[in-house]
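# Summary of structural features
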Amino acid sequence: METTPSNDPCDDPLELPTIPEFIQSLGAWSYVLYAAGISNTLLQGFLFLYLLRQFIRTLESKRLVSSIWVTSIFFVISVFNMISLVLPQANDFLWLAYKIFVGIAMGHFVDLTLGWYGGESAMLQHVGENTPLSFRKAPCCCCLLLPRQSLLTKNKIRIMRGSVYQIPYTESLCLILLISLQMSGYVEEGGLSLASPNTYITALVSITFVFGLWGLFMFFNITHKLDLLKNYNYKKKSNLMRITIVIINFQTLIIDICNRQGWISCIPETLSASGVTCLIKVVCVLIESFILGTVSFLVYKDEGTYI
């Protein structure tokens, strides 16, 4: 006697819902979520366009592009989050693409930092050539390869810059490799066994991202420790960038780990565990992009009008 295949999403924890399944699972709340997503995207778009107008009027060309990249993070994430709501099955690809975008924005924040200093040589003069600094800072505070006490040099500044600049290139390469392996059937989506290339690609992405964070946070720590760039409101800008990167990126990582460990339950006859994971990420990012995007607007709205 033939058995009818089960349509319960709980039978396949990696299954992501289609749009009708997503709407059906949430009922009336789906319309509330879509309305909130659209409203937040429109709001972030308006705030970004206001900042863009302000930057064009007040900033010199060498700072204009970097300022646009840095302040566009929240508009872009709201757009990606909205696409994830409309196309839940594209969730994993969208998050990888967003990480690449954030990597580019991190590089531009480094450019802004050096621009505010006046270049590498000017940064050395501000910091002081005889000022001892610890390079064992989070997230690489336990790395024995980094000096505990050392003087800042141009080569060290370039290493810090390079660690940030490599993020989008490394992650783009890993994304292309991962998609190619999935299309060829060598990698199963969600598989993280020791025999799966996905495990090593994910590890490489994580390691290079942490290395890039170290470089960016070193610029933050040096500037904060010596209380420099106060005229450019640097402490608020750097803390906003730090909070955005840590909360959104590591939050997503933690939620994904919980899903793979089976700590996130499915909703019987409605959503798989991966579908619930997608929903949790969408709601969290919606709230965070609204709050952080609004704060970013308040921090940058006077950019170029102070010296």
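Please refer to the structure placed before this passage.
What comes next is a walk through the structure. Computed from a predicted structure; not experimentally measured. (Residues numbered from 1 in each chain as written. Predicted model: local features only at pLDDT ≥ 70, side-chain atom pairs only at ≥ 80, totals over all residues. Heavy atoms only, no water.)

With that settled, consider the packing of aromatic side chains. Within the structure shown, the criterion is met by 13 aromatic pairs. Ring geometry for Phe109 against Trp116: centres 6.2 Å apart, planes inclined by 85°, an arrangement best described as edge-to-face. Relative to Tyr234, the ring of Trp116 lies with its centre 5.9 Å away and its plane at 85°, an arrangement referred to as edge-to-face. Of this pair, Trp116 sits in helix 5 (residues 91–117) while Tyr234 sits in helix 9 (residues 234–260), placing them 118 residues apart in sequence. The pair Trp116 / Tyr234 is uniform in exposure class, with both members buried. Linked through ring pairs, Phe109, Trp116, Phe217, Phe220, Tyr232 and Tyr234 together constitute an aromatic cluster. When the ring centre of Phe209 is taken as reference, the NZ or CZ atom of Lys99 above it lies at 5.2 Å. One cation-aromatic arrangement involves Arg242 over Phe217; the distance from NZ or CZ to the ring centre is 4.8 Å. (Phe/Tyr/Trp six-rings, centres within 6.5 Å; stacked < 30°, edge-to-face > 60°. Helix = DSSP H or I, 4+ residues; strand = E, 2+ residues; numbered from the N terminus. Buried < 20%, exposed > 50% of the residue type's maximum accessible area, 1.4 Å probe, protein only. Lys NZ or Arg CZ within 6 Å of the ring centre and 35° of its normal.)

One pass over the full model with this rule turns up nine salt bridges. One salt bridge connects Arg63 with Glu60, and the closest N-O pair in it is separated by 3.6 Å. Overall, Arg63 belongs to the buried group, its relative accessible area being 11%. Exposure remark for Glu60: the relative accessible area of 34% places this residue in the partly exposed category. As a salt-bridge pair, Lys237 and Glu303 come within 2.4 Å of each other at their nearest N and O atoms. Placement of the pair is Lys237 in helix 9 and Glu303 in the segment after helix 10 (273–300), with a sequence separation of 66 residues. (Salt bridge = Lys/Arg side-chain N within 4 Å of Asp/Glu carboxyl O.)

Another point: the nonpolar core. Residues Tyr98, Met106, Met123, Leu152 and Leu216 are the most contacted members of the largest nonpolar core, which totals 55 residues. Residues in contact with Met123, not counting those within four places in the same chain, are Leu114, Tyr117, Leu152, Ile157, Phe219 and Ile222. Within the second largest apolar cluster, 15 residues are counted, among which are Leu33, Met82, Leu85 and Ile264. (Core = buried A, V, L, I, M, F, W, Y, C linked by side-chain atoms within 4.5 Å. Contact = heavy atoms within 4.5 Å.)

Glancing now at the layout of surface pockets. Its volume calculated, the second largest pocket comes out at about 180 Å³. Contributing to the lining of the second largest pocket are Phe135, Cys140, Cys143, Leu145, Leu146, Pro147, Lys156, Ile159, Met160, Phe211 and Trp214. The set of elements that each furnish at least two residues to the lining of the second largest pocket consists of helix 7 (154–184) and helix 8 (197–225). A per-element tally of the lining of the second largest pocket places helix 7 first, with three residues. (1 Å grid on protein atoms, 1.4 Å probe; cavity = no way out; pocket = protein on both sides within 12 Å on 5 of 7 lines; lining within 4 Å. Points joined across faces, edges and corners; volume = space filled by probe spheres on them.)

Structurally, Met218 can be placed in helix 8. Residue Met218 is classed as buried on the basis of its relative accessible area of 1%. Distance in space between the C-alpha atoms of Met218 and Val65 is 23 Å, their sequence separation being 153 residues. Setting aside residues up to four positions removed in sequence, Met218 forms contacts with Ser134, Phe135, Lys137 and Met160.

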